[in-house]
Amino acid sequence: GTWRCGWCACKHSECSGKGPGPDGPKTLCSACSSRHKNGHTGPPEVNQAGKFVCDLCSRQFETIGALGGHKRFCDAGTWRCGWCACKHSECSGKGPGPDGPKTLCSACSS
């Protein structure tokens with residue numbers, strides 16, 4: 001049979017490698033194996049549309065890898081521009097300000 005990840009069911013051709021999981025070596029894709037090593041006990045939530053959902057901000061992603069990249073920087077929607085107080089979702093990006101990197105929205109930073 002064709003190998004599939006024990007958590008997200010991706011095929012070997014769809015992931016960047018295999019890793020250990022609760023059922024032994026090479027039972028999870030590398031993304032799920034990383035989640036397992038970090039204490040997770042199962043795959044991330046997938047909605048009815050088949051997208052992976054961030055449990056902090058509810059943003060949706062096509063792949064578990066994209067969700068993992070997002071989670072490293074997710075602020076659960078709490079970030080606000082230090083000057084105009086807009087949310088990250090209301091601006092086109094974050095920029096440097098007098099209080100450090102990524103403390104202002106791109107409009108206030110320019």
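Residues numbered from 1 in each chain as written. Predicted model: local features only at pLDDT ≥ 70, side-chain atom pairs only at ≥ 80, totals over all residues. Heavy atoms only, no water.

Draft legend 1. Fine view of the confidence of the model for the protein. On average, the protein scores 90 in pLDDT, and the residues at 70 or more come to 100%. The secondary-structure element of the protein with the lowest mean pLDDT is helix α2 (residues 64–71), recorded at 83, while strand β1 (residues 18–21) shows the highest, at 96. (pLDDT = per-residue confidence, 0-100. Helix = DSSP H or I, 4+ residues; strand = E, 2+ residues; numbered from the N terminus.)

Draft legend 2. View of the pairing of strand β2 (residues 24–29). Both β1 and β2 contribute to a ladder of three bridges, which runs antiparallel. Looking at the pairing, lysine 18 lines up with cysteine 29 of β2. With antiparallel pairing between neighbouring strands as the criterion, β1 and β2 make up a hairpin whose turn holds two residues. (Pairing = 2+ DSSP bridges.)

Draft legend 3. Fine view of helix α1 (residues 30–37). Considered for burial, the residues of α1 that qualify are Cys32, Ser33 and Arg35. Taken around the axis of α1, the buried residues stretch over an arc of 155 degrees, which confines them to a single face. Against β1, β2 and α2 lie the buried residues of α1. Of the residues trailing α1, glycine 39 is marked for its positive phi of about 100 degrees. (Buried < 20%, exposed > 50% of the residue type's maximum accessible area, 1.4 Å probe, protein only. Arc of directions from axis to C-beta. Contact = heavy atoms within 4.5 Å.)

Draft legend 4. Looking closely at the packing of aromatic side chains. Under the counting rule described, the total for this entry stands at zero aromatic pairs. Residue placement shows lysine 102 over the ring face of phenylalanine 73; its charged tip is 5.9 Å from the ring centre. (Phe/Tyr/Trp six-rings, centres within 6.5 Å; stacked < 30°, edge-to-face > 60°. Lys NZ or Arg CZ within 6 Å of the ring centre and 35° of its normal.)

Draft legend 5. Structural detail: the layout of surface pockets. Considered as a void within the structure, the largest pocket measures approximately 380 Å³ in volume. What lines the largest pocket is a set of 14 residues, and nearest its centre among them are Arg59, His70, Asp75, His88 and Lys94. Per-class residue counts for the lining of the largest pocket are four nonpolar, five polar and five charged. Taken as a whole, the second largest pocket spans an internal volume of roughly 230 Å³. Taken together, Ala31, Ser34, Arg35, Asn38, His40, Ile64, Gly65, Leu67, Gly68, Gly69, Lys71 and Arg72 form the lining of the second largest pocket. Going through the elements one at a time, α1 and α2 are the ones with two or more residues in the lining of the second largest pocket. Class assignment of the residues belonging to the lining of the second largest pocket gives a composition of three nonpolar, six polar and three charged. (1 Å grid on protein atoms, 1.4 Å probe; cavity = no way out; pocket = protein on both sides within 12 Å on 5 of 7 lines; lining within 4 Å. Points joined across faces, edges and corners; volume = space filled by probe spheres on them. Nonpolar A, V, L, I, M, F, W, Y, C, P; charged D, E, K, R; others polar.)

Draft legend 6. Geometry of the environment of proline 96. Relative to the helices and strands, proline 96 is located in strand β5 (residues 94–97). Note on proline 96: relative accessible area 54%, which makes it exposed. It is 6.0 Å that separates the C-alpha atoms of proline 96 and serine 109, two residues lying 13 residues apart in sequence. Leaving out residues up to four positions away in the same chain, proline 96 has contacts with Pro101, Lys102, Thr103, Leu104 and Ser109.

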